[in-house]
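Descriptive analysis of the structure
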Amino acid sequence: MKWFDKVLSWLRPNPPEKTVIYGRGIHALPNPREKELFDEASDAFIRGDILQGYHRFLTSLLHSEIPDLPPHLTLISDEESLRFTLIQGSAIVKGVVTAEFLEAHVDIANTGALHVAIKRRFLERNFQLTYCRFSDEKGVIRLSLHLENTTITPQKIFFPLREIALHADFEKEFIASDFDESDLLEFDHMIPINSERARRLYTTMQSWIAQTKASLIGLLSNDNTGMASFSYLSLLLQIDYLFIPRKKMAKNLSEKINGYFLEDEKLTEDKNAELETFLAELEALSFEEFSTQFYDSPYTFSPYEQAMHDDIATFIDESLVKVRWYKHNHSNYVITVIYRYISLYILYNYGLHPALRSLLHLHVEVYNGDFFEGEGGQRLYNPQSGTFQKRIIAERIASAIQPYGERYRGLKNFADELNYTDLDHFSQSFYLHIKNLDFTEA
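Figured I'd write up the structure that's included with this text.

Parameters at a glance
- Residues numbered from 1 in each chain as written.
- Predicted model: local features only at pLDDT ≥ 70, side-chain atom pairs only at ≥ 80, totals over all residues.
- Heavy atoms only, no water.
- Helix = DSSP H or I, 4+ residues; strand = E, 2+ residues; numbered from the N terminus.
- Buried < 20%, exposed > 50% of the residue type's maximum accessible area, 1.4 Å probe, protein only.
- Polar contact = N/O pair within 3.5 Å; in protein donor to acceptor, adjacent residues only side chain to side chain.
- Expected span 1.5 Å × (residues − 1).
- Arc of directions from axis to C-beta.
- Pairing = 2+ DSSP bridges.
- 1 Å grid on protein atoms, 1.4 Å probe; cavity = no way out; pocket = protein on both sides within 12 Å on 5 of 7 lines; lining within 4 Å.
- Points joined across faces, edges and corners; volume = space filled by probe spheres on them.
- Nonpolar A, V, L, I, M, F, W, Y, C, P; charged D, E, K, R; others polar.
- Phe/Tyr/Trp six-rings, centres within 6.5 Å; stacked < 30°, edge-to-face > 60°.
- Lys NZ or Arg CZ within 6 Å of the ring centre and 35° of its normal.
- Contact = heavy atoms within 4.5 Å.

Moving on: the side chain of H309. Within the secondary structure, H309 is located in helix 11 (residues 309-328). Its relative accessible area of 10% is what places H309 among the buried residues. There is a polar contact of 3.0 Å between the side chain of H309 and the backbone oxygen of I434.

As structure tokens, then:
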């Protein structure tokens, strides 16, 4: 099955009651009628009704809106054309469709204000793009797309639109991270984080860093490089997933996390030292600078490729082998850290089925009761009493799985089979069930 068809086959018929609003990419689930609308677009193109085909396809991209944010996609049509505006984080894609062509563009920044290194970068980026091109349009750096409608299909629209949206957002974020963001164009749709939440996130980050440093006292000198790696990476992944920083903080987080997993000649000790140095930089970050690294904005396309569940199951298996090794060697501290790390890494690294994403987010919630209470949610696990909110956890598992029951007959609710003895037993049983989820279509 082709990648695009596989994505469509994963769509569920009905949205869940609650949308997960953490993590990068789409903060809402796909249009429940996406496959139907996609098929209607295909039929319209076959009939030669180009504008109707585009309207059906673009409508298929609409998903649930996030309160207090502008709509991620707007359409205006008449007899001869269809105009649309599509928001992808920091980028606004503006397009027009006629019977003959589609044209779309994103205005990135004023040319005169840009550093020469940025201009050179845009020239080099053109060799990396498939459908879009950067150009200088009357003093404005613009990313543009042009499609002829001679043999148009939904697939031939999806990938070019996704490319222009993702790359425009990436480049605007890059400029904001390393240069003067005032040079950017069209950023009024980006809503700054309110000061109260910024202060809460800043205080939380400082607390997490202090806790992580304290937990490693006495371990680093004993050459426990693996323990240090899991501790540092879990913390950075947690900050990225729950805070969703932007600009320079997002860029640095990505570089440090991805850099750790590069297959290079660096020793693990050296990589840990780099992560430790970066945590010190985060710790020294002033609140004033920290608060500028966040904003809210809607998204249309996910930046992730859909992962096969077999790949995720393999990662869980490999991680649980490490848990067993540390248990055998009586290194109890790191076991809980690895359990926390597994869900955060999967959420960071893979494009997930909506059911799986909701389930892994649930595991993150169990481990971060203080944070979610501060966000106005409920604590699912009490570390003082060692008790779980079993009923709420069971309801959340059911709401993640039940909407897909007809499409995946083997996808079963496993809430009653979890081991609630303690946090470690809960995680072990949880991941074994996650690994064995059956996404085979009926």
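Bringing helix 2 (residues 34-47) into the picture now. It helps to recall that an α-helix has 3.6 residues per turn; residues three or four apart then point in one direction. For helix 2, spanning 14 residues, the distance from its first C-alpha to its last is 20 Å, which sits close to the expected 20 Å at 1.5 Å a residue. Residues of helix 2 that are buried: E34, L37, F38, A41, A44 and F45. Buried positions in helix 2, seen along its axis, are confined to an arc of 120° and lie on one side of it. Seen from the buried face of helix 2, the exposed residues on the opposite side, beyond 90 degrees, are I46 and R47.

Bridge analysis of strand 5 (residues 132-137) against strand 6 (residues 140-148) gives six bridges, and the strand direction is antiparallel. When the sheet's bridge partners are listed, C132 is paired in strand 6 with L145. Here strand 5 folds back onto strand 6, and the loop between the two strands holds two residues, one of which, K138, carries a positive phi near 55°.

A separate point is the layout of surface pockets. The computed volume of the second largest pocket comes to approximately 840 Å³. Considering the residues around the second largest pocket, the lining is formed by 26 residues, among which R24, D169, F170, S254 and P303 are closest to the centre. Of all the elements in the fold, those that place two or more residues in the lining of the second largest pocket are helix 5 (154-178) and helix 8 (247-260). Split by residue class, the lining of the second largest pocket holds ten nonpolar, six polar and ten charged.

The next thing to look at is the packing of aromatic side chains. The relative placement of two aromatic rings is captured by the distance of their centres and the angle of their planes. With the rule as written, the count across this model stands at 33 aromatic pairs. When the centroid spacing of 5.4 Å and the interplanar angle of 80° are considered together, the rings of Y22 and F372 count as edge-to-face. Here Y22, found in the loop between helix 1 (3-9) and helix 2, pairs with F372, found in helix 14 (residues 369-374); they are 350 residues apart in sequence, far enough to count as distant. Across the pair, exposure class does not vary: Y22 and F372 are buried alike. Positioned above the aromatic ring of Y260, the side-chain terminus of K271 is 5.7 Å from the ring centre.

Moving on to the environment of L362. As for its placement among the helices and strands, L362 is situated in helix 13 (residues 354-367). Given a relative accessible area of 1%, L362 falls into the buried group. Spatially, the C-alpha atoms of L362 and V97 are 42 Å apart, while their sequence positions differ by 265 residues. Apart from residues lying up to four places away in sequence, L362 is in contact with L380, I393, R396, I397 and F430.

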